[in-house]
Amino acid sequence: MNRRSFLSGFSSLPFFSTLVSSAEEINKKNKSAILLWMGGGPSTMDIWDLKPGAPTGGPFRPINTSGDVQICEHMPLMAKQMHNAAIIRSMSTREADHMRGRYYMHTGYVPNPSIDHPSYGSVISHQSPRPDLSIPKFISVGGGSVGAGFLGSKYAPFSVNSDGRIRNLDVKVDQRFYQRAYALDAIETGFINQRRGSLAKEHQSVLKEAFNVLTSSQMDALKVAGEPENVKERYGNNSFGKGCLMARRLVEAGVPFIEVNLGGWDNHQNIHPTLRDNKLPMLDQGMSALFEDLEQRGLL
């Protein structure tokens, strides 16, 4: 399936079936997907789709890129990577609420009180067995994502911060740890065998995943501090830059879906100074370094 076929599924029904087909394609070729999530909603007309000379146009000027588009002058590093990118300008939505829009953009469905839909990461995780991968298949960096919905907690996003630390998982792995883990597993297995519903089995699965996380050498992919200084500087010494660097390392480890969060885009005042002096330099540096590394390592 090519990019055009995948994107055409965004407007087709049932969307879940289309996404499953795409997930199977990703899995068949052992590929990964990275979602850079800009919480709050960036001003696209000031970044990717400028309107110079129009009544609605802002003060930023468009610049030429290595592709066939122009983007904002304050994204000069990303301008050099646009031969590897495509801008989709045809998307629209009637959702004006942030949380409803977040759900819609992560699942392909507007919120419905009768069903909890899974996010893209959860679907791809569900469709990607990857037996050689002992760490979670859906990792969210720097913030939480939309959950697994009706697929169950086994496919929920595994959240870490940009330094690779995992909340409530700072434990010492020693003999006592293994003894307690085995004892808990025996208790839960006994409870599951009594057939009291699926929650106990799901909980056991999540605990086993956490156990693998604590003991797997593949979790070294989270240790961005070990990267050479020039690489860390190229990505940016901030949470988003570290998150993009971690995403590249997780792709190399075989994780099929990674989400990197950069929030704070809900700008209602001082929009252009905020973009120029804060948000765009951070986005430009981290995103362009990720594109550059993926291309150089043959991972695009």
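The coordinates are above.
A quick note: this is a predicted structure, and the numbers were derived from the prediction, not measured.

A. Summary view of the overall build of the chain. Within the chain, the secondary structure is distributed over ten helices and six strands. Partitioning the contacts of the chain with sequence separation of at least 6, the portion at a separation of at least 24 is 61%.

B. Representation of the side chain of threonine 107. Along the chain, the position of threonine 107 falls in helix α4 (residues 98-107). One polar contact links the side chain of threonine 107 to the main-chain carbonyl oxygen of tyrosine 103, over a distance of 2.8 Å.

C. Examining the sheet that holds strand β4 (residues 138-141) more closely. A sheet is described by the order of its strands in space; here four strands give the open sequence β1-β6-β4-β5, paired in parallel fashion. Of all the strands in the sheet, just β1 (33-37) and β5 (158-160) have a single pairing partner and so form its edges. Between one strand axis and the next, the sheet turns by 20° as a mean value, whatever way the strands run. Pairing geometry for β4 and β5, over three bridges, is parallel. Opposite valine 141, over in β5, you have valine 160 as the bridge partner. Of the strands in this sheet, β1, β4, β5 and β6 (257-261) touch helix α9 (residues 239-253), which is tilted by about 175° from β6.

D. Quick look at unusual backbone geometry. At arginine 130, a residue that is not glycine, the phi angle is positive and equals roughly 40°. By secondary structure assignment, the location of arginine 130 is in the loop between α5 (120-126) and β4.

E. Quick peek at helix α7 (residues 199-215). Its 17 residues place the ends of α7 24 Å apart at the C-alpha level, agreeing with the 24 Å of an ideal helix rising 1.5 Å per residue. Close packing links the buried residues of α7 with β5 and α6 (175-193).

F. Just α6, in detail. For α6, with 19 residues, the first-to-last C-alpha span of 27 Å sits near the 27 Å given by 1.5 Å per residue. Residues of α6 that are buried: Phe177, Glu188 and Ile192. The arc that holds the buried residues of α6, viewed along the axis, is 45°, so those residues lie on one side. Among the exposed residues of α6, those pointing more than 90 degrees away from its buried face are Gln175, Arg176, Tyr182, Ile187 and Asn193. Its buried side turned inward, α6 meets α7. In the stretch just after α6, arginine 195 is the one whose phi turns positive, near 55°.

G. Expanded view of the packing of aromatic side chains. On inspection of all chains with the given rule, the structure shows one aromatic pair. Note on phenylalanine 138 and phenylalanine 257: the rings are 5.3 Å apart at their centroids and 90° apart in plane angle, and the pair reads as edge-to-face. One end of the pair, phenylalanine 138, is in strand β4; the other, phenylalanine 257, is in strand β6, with 119 residues separating them in the sequence. Geometry around tryptophan 265 places lysine 279 over its ring, the cationic atom sitting 5.7 Å from the centre.

H. Molecular detail of the pattern of salt bridges. Tallied over the full model, the rule gives 14 salt bridges. When the shortest N-O distance is used, the salt bridge between lysine 242 and aspartate 163 registers 3.1 Å. Of this pair, lysine 242 sits in helix α9 while aspartate 163 sits in the loop between β5 and α6; the two residues are 79 residues apart in sequence, bridging distant segments of the chain. Classification of lysine 242 as partly exposed rests on a relative accessible area of 24%. When its relative accessible area of 37% is taken as the criterion, aspartate 163 is described as partly exposed. Two residues, arginine 297 and glutamate 252, come together in a salt bridge whose shortest N-O distance is 2.8 Å. Note that arginine 297 is positioned in the segment after α10 (271-296) and glutamate 252 in helix α9, a separation of 45 residues in sequence. Residue classification places arginine 297 among the partly exposed positions, given a relative accessible area of 41%.

I. Spotlight on a nonpolar patch on the surface. The grouping of Ile88, Met91 and Met105 at the surface amounts to a nonpolar patch, some 300 Å² of accessible area in total. Secondary-structure assignment places isoleucine 88 in the loop between α3 (76-79) and α4.

J. Highlighting the packing of α9 against α10. Interaxial distance between α9 and α10 falls to 9 Å at its minimum, and their mutual angle equals 15°. Our classification of the angle between α9 and α10 gives roughly parallel. Here α9 and α10 pass one another in a crossing that is right-handed. Where α9 approaches α10, its residues Phe240, Gly241, Cys244 and Arg248 are matched on the opposing element by Met282, Leu283, Gly286, Met287, Leu290, Asp293 and Leu294. Its residues assigned to classes, the contact of α9 with α10 comprises seven nonpolar, two polar and two charged.

K. Structural detail: the side chain of serine 145. With respect to the secondary-structure elements, serine 145 resides in the loop between β4 and β5. Side-chain polar atoms of serine 145 contact the side chain of glutamate 259, separated by 2.6 Å. Residue contacts for serine 145: discarding those within four places in its chain leaves Arg102, His106, Phe138, Ser140, Pro157 and Glu259.

Cut-off values and rules
Residues numbered from 1 in each chain as written. Predicted model: local features only at pLDDT ≥ 70, side-chain atom pairs only at ≥ 80, totals over all residues. Heavy atoms only, no water. Helix = DSSP H or I, 4+ residues; strand = E, 2+ residues; numbered from the N terminus. Contact = heavy atoms within 4.5 Å. Polar contact = N/O pair within 3.5 Å; in protein donor to acceptor, adjacent residues only side chain to side chain. Pairing = 2+ DSSP bridges. Axes fitted to C-alpha atoms, helices over the stretch in contact; angles between N-to-C directions. Expected span 1.5 Å × (residues − 1). Buried < 20%, exposed > 50% of the residue type's maximum accessible area, 1.4 Å probe, protein only. Arc of directions from axis to C-beta. Phe/Tyr/Trp six-rings, centres within 6.5 Å; stacked < 30°, edge-to-face > 60°. Lys NZ or Arg CZ within 6 Å of the ring centre and 35° of its normal. Salt bridge = Lys/Arg side-chain N within 4 Å of Asp/Glu carboxyl O. Patch = residues over 30% accessible without salt bridge, like charges linked within 9 Å, V, L, I, M, F, W, Y side chains within 5 Å. Areas by Shrake-Rupley, 256 points an atom, 1.4 Å probe, with all protein chains shown as cover. Parallel < 35°, antiparallel > 145°, perpendicular 65-115°, else oblique. Left-handed = near helix turned anticlockwise from the far one by under 90°. Nonpolar A, V, L, I, M, F, W, Y, C, P; charged D, E, K, R; others polar.

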